[in-house]
Amino acid sequence: MLAFIHLSDIHFNKYSGDPYDVDKDLRNEVLHDIANYCKKAILEINGILICGDIAFSGQAVEYQTASEFLDQICAELSIDRTHIFCVPGNHDVDQNITKNASSVKFLQHQLESAISQADYDDRLAKLLRSPQDAQALGSPIQYYNETFAAQYRCDYTQDKLLWQQSIPIDVEYSLCLVGINSTLISSEEDHISEIQEKPMRIGNCQIPKRSSRTVYLSLCHHPPECWRDPDKLLSEKMNDRVAVQLYGHKHIQTIKFNGKSLIVGSGAAHPCRTYGEWTPRYNWITLSVDNQNGTHYLIVRIYPRVLNEAQTAFEPEKGLPDGIEYREFTINLEEAANGKTLSKDTKTVQEKEPDTSGMAVHSWQRRFIYDFMNLPFSRRRDILTKLNLDRLEDGETRHICLLDCYIKRAEEQECVNQLLEEVKRGRIV
């Protein structure tokens, strides 16, 4: 069995953690709930899943405070600090850039104005093939990438709009965590009016490809109803391929099961106090595979945790049966793998595509990335120079864009152990 703490819309701002922070008590209650109730209900937690809006305005100081809070959760549950998985939300976008950089605004409007999904996919591909355009398009989430997400291998670069990281569920199945960036056109223009939001755009290249014996769990900030997807082609593809879909943004928890995919609107851990009803909530999630007479089923339990009306403690959601603190769902993995539903009307079996399960959560590469990105820049440069892992052609390219290159070069030069030792020594120093 695998288990996770599921958070979204935490909204750390520049004042978070100061003596006047009104949300400090709320965060303490989250920690208290985890320490006193989660640890009793679930023996081992494997990681933390965050569906965006970690920050409030996409600034570096906000991510520093967020990291400190997440480190507290990891320490409480004895979770490795590398086992944090995240995607950006609209509040992780630095609107100073989208307002003032005309090149960024131009590129975003190019994507937004695409007349069809095929047109959007074509425009996105052309922009991302240009290093200059790709860098400009990604610049609004630069602080999210460089000061927070890169250490967890959850950043987005020119050739990575979709991150994937795998972890075994049992001897036969692996869980592949998938991070989808829904903020490519997010800006100060998101709210067209007080009652209408600008639809976000998702590309087909951001949806995982079908893979044998792989269960997909996706993280994305904006839910499908916030996408420009009039024919439901993208959402149906997600339903066919992704067993569990986690979304944020709406600040309201919704759990929908269509027979082949579980779609969870997470609610907000730190909802903005000025946005309608203020109901902080978060989830615990467990996943296991059960073999019944040769047929494999994914068993998913969602434990909704809600701040009570007195605002004194987190409690199970009201309406659950007495003695039960979770909602349970069962997915037939054999039927889901073939694009079928559990209903009488089944779809044609689709051809399986190559395995794209991505980096393993417990791999040395992921540990290297976390430790390396937490070193001072000067120390990183010393290590790369000493082991001859940098190249003239790297130029001024940022380290987060070259991590795969460093890993590949270390393997080719057979100096992986020395690299890990140098990084470890750098952490101690």
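In this report, we go over the structure that sits alongside the text.

**Looking at unusual backbone geometry**
At step 1: Phi is positive for Ser-78, close to 55°, though the residue is something other than glycine.
At step 2: Relative to the elements of secondary structure, Ser-78 occurs in the loop between helix H2 (60-77) and strand E3 (84-86).
At step 3: In this structure, Asn-293 is a non-glycine residue whose phi angle is positive, near 55°.
At step 4: Tracing the chain through its elements places Asn-293 in the loop between strand E10 (281-292) and strand E11 (295-307).

**So, the sheet that holds strand E9 (residues 262-266)**
At step 1: Here we have seven strands laid out as an open sheet, ordered E8-E9-E7-E6-E5-E4-E14, and mixed in their pairing. With one partner strand each, in any of the chains shown, strand E8 (253-257) and strand E14 (359-360) form the two edges of the open sheet.
At step 2: Alignment of E8 against E9, held across five bridges, turns out to be antiparallel. Bridge assignment links Gln-253 to a residue of E9, and that residue is Ser-266.
At step 3: Helix H8 (residues 233-241) contacts strand E5 (174-180), strand E6 (214-220), strand E7 (244-247) and E9 of the sheet and is inclined by roughly 130° relative to E7.

**Thoughts on the pairing of E7**
At step 1: Side-chain alternation along E7 places Val-244 and Leu-246 on one buried face and Gln-245 and Tyr-247 on a second face that is also buried.
At step 2: Here four bridges tie E6 to E7, and the two strands are oriented parallel to one another. Bridge pairing in E7 links Leu-217 to Val-244.
At step 3: You can see the chain leave E6, run along H8 and come back into E7, and the turn it takes is right-handed.

**Considering the packing of helix H1 (residues 24-41) against H2**
At step 1: Between H1 and H2, whose axes approach to 10 Å, the crossing angle comes to 15°. One way to sum up the angle between H1 and H2 is to call them roughly parallel. Helix-helix and strand crossings are classified by hand; for H1 and H2 the assignment is right-handed. Here Arg-27, Val-30, Leu-31, Ile-34, Ala-35 and Lys-39 of H1 come into contact with H2, specifically with Phe-69, Gln-72, Ile-73, Glu-76 and Leu-77.

**Details of the environment of Tyr-152**
At step 1: Of note, Tyr-152 is situated in the loop between helix H7 (142-147) and strand E4 (162-168).
At step 2: In this structure the C-alpha to C-alpha distance between Tyr-152 and Arg-366, which are 214 residues apart in sequence, comes to 7.5 Å.
At step 3: Apart from residues lying up to four places away in sequence, Tyr-152 is in contact with Ser-67, Arg-81, Thr-82, Ile-84, Cys-86, Gln-165, Arg-366 and Tyr-370.
At step 4: Within the local environment of Tyr-152, its side chain forms a polar contact with the side chain of Gln-151, the two groups lying 3.4 Å apart.

Rules and cut-offs
Residues numbered from 1 in each chain as written. Predicted model: local features only at pLDDT ≥ 70, side-chain atom pairs only at ≥ 80, totals over all residues. Heavy atoms only, no water. Helix = DSSP H or I, 4+ residues; strand = E, 2+ residues; numbered from the N terminus. Pairing = 2+ DSSP bridges. Contact = heavy atoms within 4.5 Å. Axes fitted to C-alpha atoms, helices over the stretch in contact; angles between N-to-C directions. Buried < 20%, exposed > 50% of the residue type's maximum accessible area, 1.4 Å probe, protein only. Right-handed = clockwise from strand over helix to strand, strands pointing away. Parallel < 35°, antiparallel > 145°, perpendicular 65-115°, else oblique. Left-handed = near helix turned anticlockwise from the far one by under 90°. Polar contact = N/O pair within 3.5 Å; in protein donor to acceptor, adjacent residues only side chain to side chain.

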